[in-house]
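A structural walkthrough
Chain by chain, the residues:
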Amino acid sequence: MRGFLDYVGGNSVLHKLNPMTKLVIAFALCASCFITESHYAVIGVIALNLFLALTAGVFRRSLAMLAALIKLSVLLFVVQIFFVRDGNIILNFPFGIYITDTGLSFSSLFALRLTAATMPLAMMLSITKISDISNALVIYLRIPYKYTFVLTTAIRFIPLFADEMAGIVNAQMSRGVDFDTGNFFRKIGLILPLCAPLLITSVRKSESAAISAELRGFNLRERNNGYKRYSFGLSDAAAIICCISITSIAFII
């Protein structure tokens, strides 16, 4: 998760957009995936995500994210397809297991939506500083700073916890624990006990962060204390118009 959430600087059009505009783009693309019932429209959203990533200079990261999401989506597709019992049977297996045309359509659309709805948020986090997101939420949406601080802190802690988990796994491997086993259930059994040291480390880091915030006058901050202001330009207006158009098309298709 570290590579997917790290900020990548740049001078692209997307980088220069208002943080709120970037969030609107991300949520509009996500909403379009769930509004439309067309598989091709959802695939089009995925293609649009890749195009935006290419213009923003994070194409390789988006491809890595797409590959990871495809693996998860395939797993969910295989599980989901056997639970939908409506429709005409197209494949029949022993023990009363079968696949229907409705189940195939629903499961494939479910997997595509999962992939297409996750990519825009990850991409916008890659090209937007966490502090800018926090300030924009406070200034424009009037969300109390404490809530935005919790959100942005949680996002910042994800790569830290991933690094901690990787360190714990490496320490166990140096002691002879084999995590390369092909048995999925055995691998889960080896990883679950590692959650305890990760939880202890997380609590310690959270306590240190809380003390640091308290010493910096966290409770005294108000909405007008932000030092940075964000303006809306023609590119922001054009981006919002495109988002409205995409969402409207999703209702039609």
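Here's what I pulled together on the structure shown here. Predicted model only: the values in this text are computed from it and were never measured. For every chain, the first residue of its written sequence is number 1, and the numbers climb from 1 along that sequence. Residues qualify for local features only when their pLDDT is at least 70, as the model is predicted, and side-chain atom pairs are given and counted only at 80 or more; totals for whole chains, interfaces and linings, by contrast, use all residues. Neither water nor hydrogens contribute to the side-chain values; these are computed over all heavy atoms in the structure.

The subject of this paragraph is the environment of Pro120. You can see Pro120 is positioned in helix 6 (residues 101-126). Distance from Pro120 to Ala154, taken between C-alpha atoms, is 19 Å for residues 34 residues apart in sequence. Contacts are residue-level and defined by heavy atoms, with any inter-residue pair within 4.5 Å sufficient. The contacts of Pro120, once residues within four sequence positions are left out, are Ala26, Leu29, Cys30 and Asn49. Runs of E in the DSSP output that reach at least two residues are strands. Runs of H or I that reach at least four are helices, and both are numbered from the N terminus.

Here we take up unusual backbone geometry. Positive phi outside glycine occurs at Arg142, with the angle close to 55°. On the secondary structure map, Arg142 appears in the loop between helix 7 (130-140) and helix 8 (145-174). For each residue, the accessible area found with a 1.4 Å probe, counting protein chains only, is set against the maximum for its type, and the residue is called buried under 20%, exposed over 50%, and partly exposed in between. Taking the relative accessible area as the measure of exposure, Arg142 reaches 55% and is therefore exposed.

This part covers empty space enclosed by the protein. Residues are said to line a cavity or pocket when one of their atoms sits within 4 Å of a point; the points come from a 1 Å grid over protein atoms alone, cavities being sets where a 1.4 Å probe fits but cannot get out and pockets being open sets with protein on both sides within 12 Å along at least five of seven lines. Grid points are joined across faces, edges and corners, and a volume is the space filled by probe spheres set on the points. Overall, the coordinates contain 1 cavity of 30 Å³ or more when judged by the stated rule. Counted as a void, the largest cavity has a volume near 80 Å³. The wall of the largest cavity is formed by 10 residues, among which Ser62, Met65, Met119, Ala122 and Met123 lie closest to the centre. Elements with a minimum of two residues in the lining of the largest cavity: helix 5 (59-81) and helix 6.

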